[in-house]
Amino acid sequence: RKKLTMPTTKPTTKPTTKPTRIVRFGFRRGSFSQDERRFILRTLADPRGWRGRGYQFSHSATRPVDVVVALCGAAEMDRRFGEHPALRGLSVTNFGDRPARVYIHRGNWDNPPRGFTGTLRQYKQYLLQHEMGHALGKGHDAERTDGGPCRVMYQQSRGTARCEPNPWVERE
């Protein structure tokens, strides 16, 4: 069995001086394999992500939590968000609910959109950081046009033609 270790990469910018805000999250029952859950935990604990901005994601198998993360098939996503054609095939966060709900579209999770030019691993890391950013109340950012790294709250799912694919908040 392969031993999992935490990333040792340091953030590329100064760490936040803000106190840590703990965000409790849970997985919807039956969502994600054990390997996928470990990947998610590592991604959310990485200091290049929201962790570097003072947020600490704490997984809880029991309620109450601040955020519930669910992996959903196309049929469920259509049932929930079908009246919004612009959301077809995308993952969605409902941050108006309490707890906030992150719905990861299975097809979107397994197959990055054509316009995303990075790797599947980068896409999954980006998707997690982006949707958790919404759960934290963050909105979308404008696209970079200088060829630098995409901002994590830019909709990289819609394409990364004018910026480099980037899953990390601290690389912006």
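Coordinates for the structure precede this section.
Residues numbered from 1 in each chain as written. Predicted model: local features only at pLDDT ≥ 70, side-chain atom pairs only at ≥ 80, totals over all residues. Heavy atoms only, no water.

Undergrad: Residue-level account of helix α1 (residues 34-45), with values.
TA: Taking 1.5 Å as the rise per residue, α1 with twelve residues should run 16 Å; its terminal C-alpha atoms sit 17 Å apart, in good agreement. Within the sequence span of α1, burial applies to Glu36, Arg37, Phe39, Ile40, Thr43 and Leu44. Taken down its axis, α1 places every buried residue within 160° of arc, on the same side. With respect to the buried face of α1, the exposed residues turned more than 90 degrees away are Gln34 and Asp35. (Helix = DSSP H or I, 4+ residues; strand = E, 2+ residues; numbered from the N terminus. Expected span 1.5 Å × (residues − 1). Buried < 20%, exposed > 50% of the residue type's maximum accessible area, 1.4 Å probe, protein only. Arc of directions from axis to C-beta.)

Undergrad: How would you sum up the pattern of salt bridges? Please name residues and give values.
TA: In total, this model carries eight salt bridges according to the counting rule given. Glu76 is the partner of Arg80 in a salt bridge, and the nearest nitrogen-oxygen pair spans 2.8 Å. Of this pair, Arg80 and Glu76 both sit in helix α2 (residues 74-81), four residues apart, which is roughly one turn of that helix. Its relative accessible area of 14% is what places Glu76 among the buried residues. In this structure, Arg106 and Asp110 form a salt bridge, with 3.1 Å as the shortest nitrogen-oxygen distance. Highlighted residues: Arg106 and Asp110, both in helix α3 (residues 106-110), separated by four residues, approximately one helical turn. (Salt bridge = Lys/Arg side-chain N within 4 Å of Asp/Glu carboxyl O.)

Undergrad: Please provide a residue-by-residue account of the pairing of strand β3 (residues 67-72), values included.
TA: Within β3, six of the six residues are buried, which leaves it mostly tucked inside the rest of the structure. Here β3 shows a buried face lined by Val67, Val69 and Leu71 and a second buried face lined by Val68, Ala70 and Cys72. Direction of pairing for strand β1 (residues 21-27) relative to β3: parallel, over a ladder of three bridges. Following the sheet pairing, Gly26 is matched in β3 by Val68. Alignment of β3 against strand β5 (residues 100-105), held across six bridges, turns out to be parallel. (Pairing = 2+ DSSP bridges.)

Undergrad: With reference to specific residues and values, describe the environment of Pro64.
TA: Here Pro64 lies in the loop between β2 (55-59) and β3. Residue classification places Pro64 among the exposed residues on the basis of a relative accessible area of 63%. A C-alpha to C-alpha distance of 8.1 Å links Pro64 and Pro99, two positions 35 residues apart in sequence.

Undergrad: So, the sheet that holds strand β4 (residues 92-94): which residues are in play, and what are the values?
TA: For sheets, the rule is that strands pair by backbone hydrogen bonds, running either parallel or antiparallel. Taken together, the five strands give an open sheet; going across it, the order is β2-β1-β3-β5-β4, and neighbouring strands pair in mixed fashion. Edge positions in the sheet fall to β2 and β4, since each has one partner strand and no second. Across the sheet, the mean angle separating the axes of adjacent strands is 25° when strand polarity is ignored. Where β4 and β5 come together, three bridges link them in antiparallel fashion. Each bridged residue has a counterpart across the sheet, and for Val92 the counterpart in β5 is Tyr103. On top of the sheet, α1 reaches β1, β2 and β3; it is set at about 170° to β1, its chief contact. Contacts from helix α4 (residues 120-135) reach β1, β2, β3, β4 and β5, with the element oriented near 155° to β5. (Axes fitted to C-alpha atoms, helices over the stretch in contact; angles between N-to-C directions. Contact = heavy atoms within 4.5 Å.)

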